[in-house]
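Per-entry structural report
Okay, here's what each chain looks like letter by letter:
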Amino acid sequence: MNLTRVGVKNVKKLVEVHRHGKRPVIFISIFDVYVDLPGSLKGANLSRNFEVIDEVLQQAIDGEVSEIEKLCSVVARKLLDRHEYADRTEVLMRSEFMVKRETPVSHTTCHEVVKVHARAVARRTFRTPIVRKSIGAEVTGMTACPCAQNIMKERANRVLADLDIPQDKIDEFFSAVPMATHNQRGRGFLCIETDDDQHVDLEMVISILKDSMSSGIYELLKRGDEGAVVLAAHKNPRFVEDCVREMAKKVLAEFEYLSGDSVVTIKQTNEESIHQHDAYAERKATIAELVDELNGEKPLNS
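Residues numbered from 1 in each chain as written. Predicted model: local features only at pLDDT ≥ 70, side-chain atom pairs only at ≥ 80, totals over all residues. Heavy atoms only, no water.

Time to look at the overall build of the chain. A count of helices and strands for the chain gives 8 helices and 9 strands. Oriented by its inertia axes, the alpha-carbon framework of the chain measures out at about 85 × 45 × 35 Å. Of all 302 residues assigned to the chain, the portion counted as buried reaches 44%. Nonlocal contacts in the chain, meaning residues at least 24 apart in sequence, comprise 69% of its contacts between residues at least 6 apart. As displayed, the chain offers around 16300 Å² of accessible surface, 51% of which is attributable to carbon and sulfur atoms. (Helix = DSSP H or I, 4+ residues; strand = E, 2+ residues; numbered from the N terminus. Buried < 20%, exposed > 50% of the residue type's maximum accessible area, 1.4 Å probe, protein only. Contact = heavy atoms within 4.5 Å. Areas by Shrake-Rupley, 256 points an atom, 1.4 Å probe, with all protein chains shown as cover.)

A cluster of nonpolar side chains, Leu14, Ile26 and Ile28, forms an exposed patch at the surface whose accessible area comes to about 310 Å². On the secondary structure map, leucine 14 appears in strand S1 (residues 3–19). (Patch = residues over 30% accessible without salt bridge, like charges linked within 9 Å, V, L, I, M, F, W, Y side chains within 5 Å. Salt bridge = Lys/Arg side-chain N within 4 Å of Asp/Glu carboxyl O.)

Most peptide bonds are trans, and most residues other than glycine sit at a negative phi. One non-glycine residue, histidine 107, lies in the positive phi region at around 55°. Of note, histidine 107 is situated in the loop between strand S3 (88–102) and strand S4 (109–123). We classify histidine 107 as partly exposed; its relative accessible area is 46%. Its identity as a non-glycine residue notwithstanding, aspartate 164 has a phi of 65°, on the positive side. You can see aspartate 164 is positioned in the loop between helix H3 (146–162) and helix H4 (167–176). The exposure class of aspartate 164 is exposed, given its relative accessible area of 67%.

Attention now goes to empty space enclosed by the protein. In total, this model carries 1 cavity of 30 Å³ or more according to the counting rule given. Here the largest cavity is characterised by a volume of approximately 30 Å³. Arg101, Glu112, Val139, Thr140, Gly141, Lys210, Gly216 and Ile217 together form the lining of the largest cavity. Ranked by residue count, the leading element in the lining of the largest cavity is strand S5 (residues 130–144), at 3 residues. Looking at side-chain class alone, the lining of the largest cavity contains 2 nonpolar, 3 polar and 3 charged residues. (1 Å grid on protein atoms, 1.4 Å probe; cavity = no way out; pocket = protein on both sides within 12 Å on 5 of 7 lines; lining within 4 Å. Points joined across faces, edges and corners; volume = space filled by probe spheres on them. Nonpolar A, V, L, I, M, F, W, Y, C, P; charged D, E, K, R; others polar.)

A few words now on H3. Under the 1.5 Å per step criterion, the end-to-end length of H3 is 24 Å for 17 residues, consistent within 8% with the ideal 24 Å. Every buried residue of H3 is listed here: Pro146, Gln149 and Ala156. Angular distribution of buried residues about the axis of H3 spans 80°; they occupy a single face of the element. Away from its buried face, by an angle of more than 90 degrees, H3 presents the exposed residues Ile151, Arg155, Arg158 and Asp162. Against the buried residues of H3 lie S5, H4 and helix H6 (223–234). (Expected span 1.5 Å × (residues − 1). Arc of directions from axis to C-beta.)

The next thing to look at is helix H2 (residues 68–82). Compared with the 21 Å implied by 1.5 Å per residue over 15 residues, the 21 Å span of H2 between its first and last C-alpha is a close match. Taken together, the buried positions of H2 are occupied by Ile68, Glu69, Leu71, Cys72, Ser73, Val74, Val75, Ala76, Leu79 and Leu80.

Attention shifts here to the pairing of strand S8 (residues 263–271). Of all 9 residues in S8, 7 are buried, a share of seventy percent or more. One ladder, built from 9 bridges, connects strand S6 (residues 183–195) with S8; its direction is antiparallel. By the bridge assignment for S8, glycine 186 is matched with asparagine 270. Bridge count between S8 and strand S9 (residues 278–286): 9 bridges; the pairing is antiparallel. Looking at the pairing, valine 263 lines up with threonine 286 of S9. (Pairing = 2+ DSSP bridges.)

Moving on to the packing of H3 against H4. For the pair H3 and H4, interaxial distance at closest approach is 10 Å and the crossing angle is 140°. When the interaxial angle is binned, H3 and H4 end up oblique. For the crossing formed where H3 meets H4, the hand is right-handed. Residue-level contacts link Lys153, Ala156, Asn157, Leu160 and Ala161 of H3 to Gln167, Ile170, Phe173 and Phe174 of H4. A class-by-class count of the residues in the contact of H3 with H4 yields 6 nonpolar, 2 polar and 1 charged. (Axes fitted to C-alpha atoms, helices over the stretch in contact; angles between N-to-C directions. Parallel < 35°, antiparallel > 145°, perpendicular 65-115°, else oblique. Left-handed = near helix turned anticlockwise from the far one by under 90°.)

Structure below.
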């Protein structure tokens, strides 16, 4: 009997990736590594998986590998060389990445942990193996509910009108002071799959995630920072669906050079504050499909 995937899971490694002109990035990483197994063999030589990972990690330390998704693709290629019976190899990498941040008012330095996901799949052909790789991240932010905000705005408008405040003054007040609403802690996920020769900047992926919610959040906030974050979120209310659509638009704007068959996976989960459930939205599409929709050939929510 053929087996689809045989390998090792939860292999913990410290990954150091060099960046041109910047300090190396350190990732605390967990690898899952698989090969397919033909029915003619009883088992796979799993020690080869560990040998390949350590070999490629050393290449990264020596500056030969500058992206974690590229690291995964190099491992996937080498696994085909070491497992001559395999037609397909797969490498999954889950990491934690420390991002240095600065608060908006006091400019206090703090750090944020971002979850990073990388993957590579190599398939044997009669010529050079075909490799597809992906890089993604999960970021936490804040959203403000537009629906509840409109309800509160309508109520405030009636109260101010009953106090004989002119409507132009009421509108001026609302433009400066957005109404209260309930908030959610949002978890955005963005992953982009490409051919092995294309590049997706991880820091840009993280930036898109942060900018697609109502506001970013911070580990440490001074009083002025707290007010700025709350004000920014309430001036930029977004539903869970809005976040996903905003990410899609930003992906096309920032990664317009990617081929049309690149696959974009977007997920947003909002942990509700006044409900016991979470709100969720998702989209998976190729770059070409998203371009067609945003050019008006068909609706983005189709």
